[in-house]
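# Observations on the three-dimensional arrangement
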Amino acid sequence: EDQVTQSPEALRLQEGESSSLNCSYTVSGLRGLFWYRQDPGKGPEFLFTLYSAGEEKEKERLKATLTKKESFLHITAPKPEDSATYLCAVQAGGSGSRLTFGEGTQLTVNP
Amino acid sequence: NAGVMQNPRHLVRRRGQEARLRCSPMKGHSHVYWYRQLPEEGLKFMVYLQKENIIDESGMPKERFSAEFPKEGPSILRIQQVVRGDSAAYFCASSPRWTGYGNQPQHFGDGTRLSIL
């Protein structure tokens, strides 16, 4: 069974204080690892897809990396508007199109 | 707005009633996925549909739940004889083609919050 574990559950940062969110996964044949951002009362908003170990993707203050067991979402010099829940999801070879999500990291950035 | 549209945004039902949740995919998308987010839990896959076909319903509860995606019109998630435990946020996602190779992200709507009295 595919499993995704995100840590920490919650993270509070000061504006400008860089940090990383972790996503550990156990799947049979990773097809893709996805990062989403979810604001309160909204649906997940797609950020990145990573396919193979060593791959990196960047978007503004966010950078996602992937190893064979985990992915990191690095947030550089965050701003209050980066406050949201960040979700990690995997798609595995034996699971068709379904995404298996972690429970998310709730990020709060204080001004 | 060309995004995934879900309605209603909020739905209140009494125990034993039926709930119908609608999802219109993004323009040009013919694949629809339904996920459920229970309070304090992560998103869980329910069902994957293409036009007029159910492709994967392995995440759907065996009783009371059904889904369809007709040739014309939105996808419908139907819950019969609702119970308190059905209270959750139900999200729909869409993609332009099969996403099984991880090469196509699924794009989500803002969900329907279902409350059971």
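From a predicted model like this one, the values you see are computed outputs, not experimental measurements. (Residues numbered from 1 in each chain as written. Chains lettered and ligands numbered in written order. Predicted model: local features only at pLDDT ≥ 70, side-chain atom pairs only at ≥ 80, totals over all residues. Heavy atoms only, no water.)

## A few points about the sheet that holds strand S1 (residues 5-7) of chain B
All names here are of chain B. We apply this condition: In short, DSSP must find at least two bridges between two strands for them to pair. The way it works is that DSSP assigns letters per residue, a run of H or I at least four long becomes a helix, a run of E at least two long becomes a strand, and they are numbered from the N terminus. Every axis corresponds to a line fitted to the C-alpha atoms, with the helix fit spanning only the stretch in contact, and the corresponding angles, defined between N-to-C directions, vary from 0 to 180 degrees.
What the four strands build is an open sheet, ordered S1-S3-S8-S7; its pairing is antiparallel. Two strands bound the open sheet, and with one partner strand each, they are S1 and strand S7 (65-68). Within this sheet the neighbouring strands show an average axis-to-axis angle of 15°, counted without direction. Taken together, the four bridges between S7 and strand S8 (residues 75-79) define a ladder with antiparallel strand orientation. Of the residues in S8, the one forming a bridge with Glu-68 is Ile-76.

## A word on the pairing of strand S3 (residues 19-26) of chain A
Residues and elements named next belong to chain A. Where strand S1 (residues 3-7) and S3 come together, five bridges link them in antiparallel fashion. Note on S3: the bridge partner recorded for Gln-6 is Cys-23. For S3 and strand S8 (residues 70-75), the ladder comprises six bridges, and the chain directions are antiparallel. Pairing of Ser-19 across the sheet is with Ile-75, part of S8.

## Some remarks on the sheet that holds S8 of chain A
Residue and element names in this part refer to chain A. Within the open sheet, the five strands sit side by side as S1-S3-S8-S7-S6. Their pairing is antiparallel. Each edge of the open sheet is held by one strand with a lone partner, namely S1 and strand S6 (56-59). Within this sheet the neighbouring strands show an average axis-to-axis angle of 15°, counted without direction. Note: S6 against strand S7 (residues 62-66), four bridges, orientation antiparallel. Opposite Glu-56, over in S7, you have Thr-65 as the bridge partner.

## Some points on the interface of chain A and chain B
Heads up, the rule is: Pairs of residues are marked as contacts when any of their non-hydrogen atoms sit within 4.5 Å. Two parts placed together each lose some accessible area under a 1.4 Å probe, and the buried area is that loss summed for both. For this document, the term salt bridge refers to a Lys or Arg side-chain nitrogen within 4 Å of an Asp or Glu carboxyl oxygen. In the analysis that follows, any N or O atom pair within 3.5 Å is treated as a polar contact, provided that within protein one partner can donate a hydrogen and the other can accept it, and provided that, for residues neighboring in sequence, both atoms belong to side chains. By the convention adopted, Pro, Cys, Tyr, Trp, Phe, Met, Ile, Leu, Val and Ala count as nonpolar, Lys, Arg, Asp and Glu as charged, and the other residues, Gly among them, as polar.
Contacts between chain A and chain B engage 22 residues on the former and 27 residues on the latter. The contact between chain A and chain B buries some 1800 Å² in all, and 49% of this surface belongs to carbon and sulfur atoms. Where chain A packs against chain B, one counts one salt bridge. On the surface where chain A and chain B come into contact, there are six residue pairs in polar contact (both at pLDDT 80 or more). Among the elements of the structure, strand S4 (30-38), strand S5 (45-50) and strand S9 (84-92) of chain A are those that each provide at least two residues to the side of chain A that touches chain B. Looking at the side of chain A that touches chain B, the element that brings in the most residues is S4 of chain A, giving five residues. Here the side of chain A that touches chain B is built from residues that sort into eight nonpolar, ten polar and four charged.

## Here we look at the packing of aromatic side chains
Note the following rule: In this scheme Phe, Tyr and Trp rings, the latter by its six-membered ring, pair at centre separations within 6.5 Å, and the angle between planes marks the pair as stacked below 30 degrees, edge-to-face above 60, and tilted otherwise. Classification of residues uses two cut-offs on accessible area relative to the type maximum, computed with a 1.4 Å probe and protein chains only: under 20% is buried, over 50% is exposed, and between them is partly exposed.
Here the structure, examined in full by the defined rule, presents eight aromatic pairs over all chains. The interplanar angle of 90° and the centroid separation of 5.8 Å between the aromatic rings of Phe-101 of chain A and Tyr-35 of chain B together place this pair among those described as edge-to-face. Taken together, the residues Phe-101 of chain A in strand S10 (residues 100-101) and Tyr-35 of chain B in strand S4 (residues 31-37) connect one chain to another. On the basis of relative accessible area, Phe-101 of chain A is assigned to the buried category, the value being 6%. For Tyr-35 of chain B, a relative accessible area of 0% gives the class buried. Ring geometry for Phe-101 of chain A versus Phe-108 of chain B: centroids 6.0 Å apart, planes at 80°, classification edge-to-face. Note that Phe-101 of chain A is positioned in strand S10 and Phe-108 of chain B in strand S10 (residues 107-108), a pairing that runs across two chains. When sorted by exposure, Phe-101 of chain A lands in the same class as Phe-108 of chain B, which is buried.

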